[in-house]
Amino acid sequence: MPINKIVASFDEAVADIEDGAVIMVGGFGTVVSTPSCLLEAVYRKGAKNLTTVSNSSGFGADIWRMQGAPFPEDMDILVRNERIKKAIVSAPVSALYVNNFEKLLRAGKVDIEMVPQGTLAERVRAAKAGLGGVYIPTGIGTVVEEGKEKKVIDGREYLLELPIKADFALIHAHKGDRWGNLVYRGTSRTFNPTMAGAARVTIAEVDEIVELGELDPECIVTPGVYVDRVVERPKVAPAQEGEITDTQALESTRRFREEVEAVKRTKERGGAQ
Amino acid sequence: MSDNLRGKERLDRQIIALRVAKEFQDGDVVNLGIGIPMLASNFVPAGREVVFHSENGVLGFGEVTLPGEGDLDIVNAGGQTVRPQPGMCFFGHDESFAIVRGGHLDISVMGAYQVSEKGDLANYMVPEREVGTIGGAMDLAQGARRLIIAMNHTTKEGEPRIVKKCSYLLTAPECVDLIVTDIAVIEVTDRGLVLKEVAPGWTPEEVQSMTEPTLIVDPECHDIELM
């Protein structure tokens, strides 16, 4: 029987994500690198008490709508709806404004494990590659080393960092085929190929599904073996200029700027640069 | 710090960035942090080819595009769209940090809250805020072959940012090689902090009065050369 990993809808793709699941979410911080539709589907399904593994905590759909993004949801949809019990994250807060994650953190509503970005990538890769851990020099002499085994190798100190495994990895790619082979677009690659295969189930949200054989074997970034489900985004017309000036977006811009100013004032008082 | 120094003219962000860029050698692979460091991409000395790296998985990109002109799938670590150019390549996050930690990055330029006399760096968290973002800072600080800090010499209140011991949480110990501020260029050496250059109109004594640890004034110490 032909292999077919294509799933008809986002809701179907995430149907087995239960409360308490550990989910990895690909992308960097920009919404175009994020599996937006899968995140929306997880929200719609109602899954809660999630442990999430991601680079950032999201900026929120308002900001991306303002830029005309047709799929504006990012990690913030799970943050603001309080679906996260614990976040394993590299860049949780913004230097410019107080994001929703910081508000939850201050309210004691979420646990955090902050991980240097390269260490996050390597711990995820270790899970994907079946390694028991990796020795990483990053974090020596900082709070990151607390409680970790140290080893001197060839005269240099390293920390033993353990793999981060997940139940599901939600990733975003540009094109995919029915075997799950994937290619990405530009800097929207980031954590997506790193996380593919690091979870029990990897679900890829793609801009376009193509016929098997259409992707150049020399250029496939993620071999289909790492991917379990492929689901295609609906086709949308590129955002029109008129949509960006919509009242709601303008209002959110204003609020965002106000928050930026507020944080700047706080930082000036706090003496930070 | 005396009041007459408080009002004294300092270098602006662009000029600090220009001075930083003079450190880029032909063929260097360079990562620029958000803020003043990113401005340095505009000032690469003529005739030198520099390859810029960004944590989000790109090497060899061009300048920041005008608003609305760029491709949202080609951005720097600050999310600004940048111009593609011949030779540019993309890669995933594990590869991006293999480049950083593996000794393949010649220079990293970052901002800082504090730098100690031993070259310890604190730049990810201010105690007042109780939460910060490590992001790629720890990897870049200890992974790059050379770390340049671009920052204001003092806080808004006039407190030194170059200190004997950092009071903020460390990003990495003993990692800074060069500090470029709005009044001085200081090298971190085994002997201590060496004052190499001062902003036009500033004396080494004035710079010292705004710096906590004792500076070793280089015999060749001169005005910052901007051209």
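This structure is a prediction, so every number in the text was calculated from the model and none was measured.

So, about the overall build of chain B. Within chain B, the regular secondary structure consists of six helices and 13 strands. Over its C-alpha trace chain B gives a radius of gyration of 17 Å, about what one expects of a compact globule, namely 17 Å for 227 residues. Summarising its shape, the C-alpha atoms of chain B cover approximately 50 × 40 × 35 Å along the three principal directions. A total of 227 residues make up chain B; the buried ones form 56% of that total. Taking contacts inside chain B between residues at least 6 apart in sequence as the whole, the part at least 24 apart equals 62%. A gap of 3 Å separates the mean positions of the 19 positive and 35 negative side-chain charges of chain B.

The next thing to look at is the side chain of R19(B). Looking at where R19(B) falls in the secondary structure, it is placed in helix α2 (residues 13–21). The residues touching R19(B), leaving out its near neighbours within four places in the chain, are V180(B), V185(B), E197(B), I224(B) and E225(B).

Contact with chain B, which involves 47 residues of that partner, is made by 49 residues of chain A. Buried surface at the junction of chain B and chain A, both sides included, amounts to about 3,800 Å², of which 54% is carbon and sulfur. Area buried by chain B at its contact with chain A is led by D73(B), H93(B) and R129(B), which between them contribute 19% of it. For the interface between chain B and chain A, the tally reads five salt bridges. Applying the counting criterion to the chain B and chain A interface returns 23 residue pairs in polar contact (both at pLDDT 80 or more). Going through the elements one at a time, α4 (93–101) and α5 (137–143) of chain B are the ones with two or more residues in the side of chain B that touches chain A.

Our focus in this paragraph is the state of the cysteines. Going through the model one piece at a time under the given rule, you end up with zero disulfides over all chains. Of the cysteine sulfurs around C219(A), a residue in no disulfide, the closest is that of C89(B), at 13 Å. Among the residues examined, C219(A) registers a relative accessible area of 45% and is labelled partly exposed.

Attention now goes to the pairing of strand β5 (residues 107–110) of chain B. All names here are of chain B. Alternating positions in β5 separate into two faces, I107 and V109 on one and S108 and M110 on the other, with burial throughout. With four bridges connecting them, β5 and strand β8 (residues 146–150) associate as parallel partners. Looking at the pairing, M110 lines up with I149 of β8.

What follows deals with the sheet that holds β8(B). Across a sheet, strands are paired by hydrogen bonds formed along the backbone, either parallel or antiparallel in direction. The mixed open sheet is built from 10 strands, whose spatial order is β4-β3-β2-β1-β5-β8-β10-β11-β12-β13 (chain B). Strands with a single pairing partner mark the edges of an open sheet, and in this sheet they are β4 (89–90) and β13 (216–223) of chain B.

Now for the confidence of the model for chain A. On average, residues of chain A score 91 in pLDDT, and 86% of them are at 70 or above. For the stretch residues 239–246 of chain A, pLDDT sits under 50, and the model shows five contacts to residues farther than four places along the chain or on other chains.

Centre-to-centre distance and the angle between the planes together describe a pair of aromatic rings. Enumeration over the complete set of coordinates arrives at four aromatic pairs over all chains. On the basis of an interplanar angle of 85° and a centroid distance of 5.8 Å, the ring pair of F59(A) and W64(A) is categorised as edge-to-face. Relative accessible area serves as the criterion here: at 34%, F59(A) is assigned to the partly exposed category. Since its relative accessible area comes to 9%, W64(A) is described here as buried. A centroid spacing of 6.0 Å and a plane angle of 70° characterise the contact between Y113(B) and Y168(B), whose relative ring orientation is edge-to-face. In this pair, Y113(B) is assigned in the loop between β5 and β6 (114–116) and Y168(B) in the loop between β9 (162–163) and β10 (178–180), connecting sequence segments 55 residues apart. In this pair, the class of Y113(B) matches that of Y168(B), namely buried. Grouping aromatic residues by their ring pairs yields a cluster made of F24(B), F52(B) and F61(B). Across from the ring centre of Y226(A), 4.3 Å away, lies the NZ or CZ of K128(A), which sits over that ring. Cation over ring: K8(B) sits above W202(B), and NZ or CZ is 5.0 Å from the ring centre.

Scoring rules and cut-offs
Residues numbered from 1 in each chain as written. Chains lettered and ligands numbered in written order. Predicted model: local features only at pLDDT ≥ 70, side-chain atom pairs only at ≥ 80, totals over all residues. Heavy atoms only, no water. Helix = DSSP H or I, 4+ residues; strand = E, 2+ residues; numbered from the N terminus. Rg over C-alpha atoms; globule rule 2.2 N^0.38 Å. Buried < 20%, exposed > 50% of the residue type's maximum accessible area, 1.4 Å probe, protein only. Contact = heavy atoms within 4.5 Å. Lys, Arg positive; Asp, Glu negative; His and termini not counted. Charge placed at Lys NZ, Arg CZ, Asp CG, Glu CD. Buried area = accessible area lost by both parts, 1.4 Å probe. Salt bridge = Lys/Arg side-chain N within 4 Å of Asp/Glu carboxyl O. Polar contact = N/O pair within 3.5 Å; in protein donor to acceptor, adjacent residues only side chain to side chain. Disulfide = S-S within 2.5 Å. Pairing = 2+ DSSP bridges. pLDDT = per-residue confidence, 0-100. Phe/Tyr/Trp six-rings, centres within 6.5 Å; stacked < 30°, edge-to-face > 60°. Lys NZ or Arg CZ within 6 Å of the ring centre and 35° of its normal.

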